[in-house]
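# Notes for the structure review
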Amino acid sequence: MYKLYYYPENANAAPHMILEEIGESYELMFVDRAKNAQKSPEYLEINPNGRIPALEDGDLIVNEAAAIVLHLIDTHPQAGLAPKFGAPDRAKFYQWLIFLTNSLQEELMVWQYPERVGGDDAAAIDVIRRGAEARASNFLDVIEDHLGANGPYILGRTFSAVDFYLVMLARWARPMAKPPRSRPHVAKLLDRMTALPAVRRAYEREGVTDEIC
């Protein structure tokens, strides 16, 4: 049985939705981030980076949300959450997953935690936060334009793991001045994805009862 180490609304949400979609048994392992439990000696043995999530698959431990997602879709190809190996769309799948993690997710993290960059300098924190929000907004515009030309899902007519990943990031981005749902094609994708039972179950199991994104 899988073990997913999580804290509500953290980066575990994407692999959690994938676990629900593929239908495999798993156990949720709560890591109390409010008490800094991700930095505890016990958790650092699981993830030396002290970050959430982590996945135990027997003797294998996988860290980093995108890596967990890739592991799950590779070990459960029957779920159809990514194009087949060697297919052109598989390269596009990698492209979009890496775009979401390295571009949009990175800027959302800076936007949410600007003090990690600016320290105690209030003016610097304000500049960092506004800059990160602007760049994240631009990346959401890229997704909107892509969906308008190639949607309704990121890879076209069928949802994939990258759409689950976007749901997670869209929830984080809700407080932005121009939130994800202000873009009509993104909003339609989010409507489709949040209607899926797997998405709703994952967030409900994490104690999230409001609108997902």
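As shown above, the structure is provided for reference.
Residues numbered from 1 in each chain as written. Predicted model: local features only at pLDDT ≥ 70, side-chain atom pairs only at ≥ 80, totals over all residues. Heavy atoms only, no water.

With respect to topology, four strands assemble into an open sheet ordered E2-E1-E3-E4, the strand pairing being mixed. At either end of the open sheet lies a strand with only one pairing partner, and these are strand E2 (26–30) and strand E4 (60–63). Each adjacent strand pair in this sheet contributes to an overall mean axis angle of 20°, direction not counted. In the sheet, strand E3 (residues 54–57) pairs with E4 via four bridges, with the strands oriented antiparallel. In the strand pairing of E4, Ala54 is matched with Asn63. (Pairing = 2+ DSSP bridges. Helix = DSSP H or I, 4+ residues; strand = E, 2+ residues; numbered from the N terminus. Axes fitted to C-alpha atoms, helices over the stretch in contact; angles between N-to-C directions.)

Attention now moves to the packing of helix H6 (residues 122–150) against helix H8 (residues 184–194). The geometry of H6 relative to H8 is characterised by a closest axis approach of 8 Å and an angle of 80° between their N-to-C directions. By the angle between their axes, H6 is roughly perpendicular relative to H8. Across the interface between the two elements, Leu140, Ile143, Glu144, Leu147 and Gly148 of H6 pack against Pro184, His185, Val186 and Leu189 of H8. Of the residues belonging to the contact of H6 with H8, the class tally is six nonpolar, two polar and one charged. (Parallel < 35°, antiparallel > 145°, perpendicular 65-115°, else oblique. Contact = heavy atoms within 4.5 Å. Nonpolar A, V, L, I, M, F, W, Y, C, P; charged D, E, K, R; others polar.)

A separate point is the nonpolar core. Ranked by size, the top nonpolar core spans 63 residues in total, and within it Ile143, Tyr165 and Met168 carry the most contacts. The residues contacting Met168, other than those within four sequence positions of it, are Asn10, Ala11, Ala13, Ala14, Met17, Gln105 and Tyr203. (Core = buried A, V, L, I, M, F, W, Y, C linked by side-chain atoms within 4.5 Å. Buried < 20%, exposed > 50% of the residue type's maximum accessible area, 1.4 Å probe, protein only.)

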